[in-house]
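Structural description and commentary
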Amino acid sequence: MPEADTLPVVTPDPAELAPRQIVAELDRYIVGQDDAKKAVAIALRNRWRRKKLDPAIREEVAPKNILMIGPTGVGKTEIARRLAALAGAPFVKVEATRYTEIGYHGRDVESMVRDLVKQAINMFQTRAREEVRVKAAEAAEERLLEALLPAPSAWAESAPAPGATGARDSAAELHERTRAKLRKKLRDGSLDARQVEVEILAGADSVAGVFAPSMGEEMGLELQDALSRIMPKRARRRKLTVSEARRVLEAEEAEKLIDQDAVARQAVEAAENLGIIFIDELDKVAGSHSIHGPDVSREGVQRDMLPIVEGASVNSRWGIIRTDHILFIAAGAFHMSKPSDLLPELQGRFPIRVELKDLTEDDFRRILTTPRNALTKQYAALLSTEGVTLEFTEDGLAAVARIAALANARSQNIGARRLQTVMEKLLEDVSFRAAELAGEKIVVDGKMVEERLKPILEDEDLAKYIL
């Protein structure tokens, strides 16, 4: 089932999960496609098995890459994404067609490996920030207090003459008492809206921003990162609210506490041994071998991918990244081509082939209710924020599933994504008037579904555009 890219990463130890348990976890989000789930579950378990091997043979055991064959919207990407989240593994999705945009051989195919390492670094930085969160918050609080109430040394001009120790002690005690009161107010949030001037570090972002538009987004980001590491950071004073200043200072203090070299080492190791690269639309670069026309570009992309999938050493700013033990999962509909149209060498690097089946009306009905992220649950949660109770009856669910299956049969089959289109059109009026319907209960039954969608479905020309 399609859903947003951003997914929560859970990290149970894969050693605790047998293949049957991995499939059970995937079943909580994805309906059907048992063959594909079984294949990826074995691939994940094999990684744990490899760790248990003697080092002499461990390096020789390569992952068995997987080729998923099936139409759009049946769960190919979601299976790979959920597997990565389950294992807490770095994961990137790329489109094979992305590498045909510039010239015959397209963009740098090695960039998919660098993207994987970037994702791994983001994961480990997030974990590292969480580990130092308490210390960073304490340091940020001290800096805020210093900004709100400067230390007594700043009162030197108004200090009493030498020898007047009692007055000095009194000033220091007053400062400590005032500081304690401010600390209490900071913690209870009563100062959050107050303006404070703090000193923060500025990187090289503005310099890179001048060049980024002409260099392209990817190169611009690379330049920005390189400059931020090379150029010294400048301190500048900014006026912010206390709540904003706290957030900025906590982030700054966390960066000081994190060992970035250790994070990079851990990230590279995780990318090399646990990383998953999902190559979508592989069928779009498959074709009969030719020296003329677009087939030259397609074959060139395959040839560029081949060493990466076989096992290569990729240069990056984090050092050499080896791809020998990265798991590659490729996917494609293969409507206009077939896996045998790929280069023989590339075919051999995807020894596990699984076919994903078209979704049936019964599958659609289960998709609407069974997964933890089911569409019906999402819409009910969204409307509940405005006091509207949304309830689906059995005949209502059956009607939605039937219309989605019929729309797929009449026009382009887009799998489970059709359900989103149907549900959006079905609940459009309720969503629009939700503020006026606060406190009411909306029952989505078969009659409501027919009334809302049947006129559109009966007009086939209109249905092609609306559903």
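Residues numbered from 1 in each chain as written. Predicted model: local features only at pLDDT ≥ 70, side-chain atom pairs only at ≥ 80, totals over all residues. Heavy atoms only, no water.

Some points on the overall build of the protein chain
Rules: To qualify as a helix, a DSSP run of H or I must reach at least 4 residues; to qualify as a strand, a run of E must reach at least 2; elements of each kind are numbered from the N terminus. Between buried and exposed lies partly exposed: a residue is buried under 20% and exposed over 50% of the maximum accessible area for its type, with that area taken using a 1.4 Å probe on protein chains only.
For the protein chain, the count of helices and strands is 20 helices and eleven strands. Relative to its 467 residues, the protein chain shows a buried fraction of 42%.

Digging into the packing of helix H14 (residues 361-369) against helix H15 (residues 375-384)
The packing of two helices is summarised by the inter-axis angle and the distance between the axes. Quick reminder of the rule: In this analysis an axis means a line fitted to C-alpha atoms, helices contributing only their contacting stretch, and an angle means the value between N-to-C directions, from 0 to 180 degrees. We call two residues contacting when some pair of their heavy atoms lies within 4.5 Å. Think of it as three bins: nonpolar holds Ala, Val, Leu, Ile, Met, Phe, Trp, Tyr, Cys and Pro, charged holds Asp, Glu, Lys and Arg, and polar takes everything else, Gly as well.
With their axes 5 Å apart at the nearest point, H14 and H15 run at an angle of 35° to one another. The segment H14 lies against H15, with Ile367, Leu368 and Thr369 engaging Leu375, Thr376 and Lys377. Broken down by class, the residue content of the contact of H14 with H15 amounts to three nonpolar, two polar and one charged.

A closer look at the packing of aromatic side chains
As a reminder, the rule being used: Each pair of aromatic rings taken from Phe, Tyr and Trp, with Trp reduced to its six-membered ring, is defined by centres within 6.5 Å and is described as stacked if the planes are under 30 degrees apart, edge-to-face if over 60, and tilted in the remaining cases. Two thresholds decide whether a charge sits over a ring: the Lys NZ or Arg CZ must be within 6 Å of the ring centre and within 35 degrees of the ring normal.
This structure, assessed with the given rule, holds zero aromatic pairs. A cation over an aromatic ring shows up here: arginine 82 above the ring of tyrosine 29, its NZ or CZ 3.7 Å from the ring centre.

Some words on the sheet that holds strand E1 (residues 66-69)
This is how it is decided: Two strands form a pair only when DSSP identifies at least two bridges running between them.
Pairing is parallel across the open sheet formed by five strands, whose spatial order is E2-E5-E8-E1-E9. The strands lining the two open edges of the sheet, one partner per strand, are strand E2 (91-95) and strand E9 (352-355). Taking each pair of neighbouring strands and ignoring which way they run, the sheet shows an average axis angle of 20°. Bridge count for E1 against E9 is four bridges, and the pairing is parallel. Paired with leucine 67 across the strands is arginine 353, a residue of E9.

What to know about the nonpolar core
To keep it simple, the criterion reads: Among buried residues, those of type Ala, Val, Leu, Ile, Met, Phe, Trp, Tyr and Cys that are joined through side-chain atoms within 4.5 Å constitute a nonpolar core.
One finds Met68, Ile329, Met423 and Leu427 to be the most contacted residues of the largest nonpolar core, which totals 61 residues. Filtering out sequence-adjacent residues up to four positions away, methionine 68 remains in contact with Val40, Lys76, Ile79, Ile329, Ala330, Ala331, Gly332, Val354 and Leu356. Val94, Phe124, Ala270 and Met305 belong to the second-largest nonpolar core, a separate cluster that totals 44 residues.

What about helix H11 (residues 260-274)?
Applied cut-off: An expected span of 1.5 Å times one less than the residue number is assigned to each helix. Pairs of N or O atoms within 3.5 Å make up the polar contacts considered here, provided that, within protein, one atom can donate a hydrogen while the other can accept it, and that residues adjacent in sequence are counted only when both atoms are side-chain atoms.
Compared with the 21 Å implied by 1.5 Å per residue over 15 residues, the 20 Å span of H11 between its first and last C-alpha is a close match. Burial in H11 covers these residues: Ala262, Val263, Ala264, Ala267, Val268, Ala270, Ala271 and Glu272. On its buried face, H11 sits against helix H5 (111-131) and strand E7 (319-322). Put simply, aspartate 259 is the residue that caps the front of H11, since its side-chain oxygen is 3.2 Å from the backbone nitrogen of aspartate 261.

So, helix H17 (residues 417-426)
Using the following cut-off: The arc under discussion is defined with respect to the helix axis, by the directions toward the C-beta atoms.
All buried positions along H17 are accounted for by Arg418, Leu419, Val422, Met423 and Leu426. Each buried residue of H17 sits inside an arc of 130° when the element is viewed along its axis, so together they form one side.

Structural notes on a positive patch on the surface
Put simply, the rule is: Like-charged residues within 9 Å of one another, or nonpolar side chains (Val, Leu, Ile, Met, Phe, Trp, Tyr) within 5 Å, are grouped into patches, provided each residue has over 30% relative accessible area and no salt bridge. Per-residue accessibility takes into account occlusion by the displayed protein chains alone, with areas from the Shrake-Rupley method and a 1.4 Å probe. When a carboxyl oxygen of Asp or Glu is within 4 Å of a side-chain nitrogen of Lys or Arg, the pair counts as a salt bridge. Neither His nor the chain ends contribute to the count of charged residues, in which Lys and Arg are positive and Asp and Glu negative. All charge positions are set by atom: Lys at NZ, Arg at CZ, Asp at CG, Glu at CD.
There is a patch of like positive charges on the surface, built from Arg177, Lys181, Lys185 and Arg194. With respect to the helices and strands, lysine 181 occurs in helix H7 (residues 165-188).

Let's talk about the side chain of serine 316
Among the secondary structure elements, serine 316 is positioned in strand E6 (residues 313-316). Of the polar contacts made by the side chain of serine 316, one reaches the backbone oxygen of glycine 319; its length is 2.8 Å.

Focus: unusual backbone geometry
Residue glutamine 33 is not a glycine yet carries a positive backbone phi of 55°. Among the structural elements, glutamine 33 can be located in the loop between helix H1 (19-27) and helix H2 (34-51). A positive phi angle, close to 55°, is found at phenylalanine 334, a residue other than glycine. Inspection of the secondary structure puts phenylalanine 334 in the loop between strand E8 (327-332) and helix H13 (344-348). The class for phenylalanine 334 is buried, based on a relative accessible area of 9%.

Brief notes about the packing of H1 against helix H4 (residues 76-87)
Rule in force here: Crossings are classed by handedness, with left-handed meaning an anticlockwise turn of the near helix from the far one by less than a right angle and right-handed meaning a clockwise turn.
Here H1 crosses H4 at 120°, and the two axes come no closer than 10 Å. With respect to the hand of their crossing, H1 and H4 are arranged in right-handed fashion. The residues of H4 that touch H1, namely those facing Ile22, Glu25 and Leu26, are Ile79, Arg82, Leu83 and Leu86. For the contact of H1 with H4, the class distribution of residues is five nonpolar, no polar and two charged.

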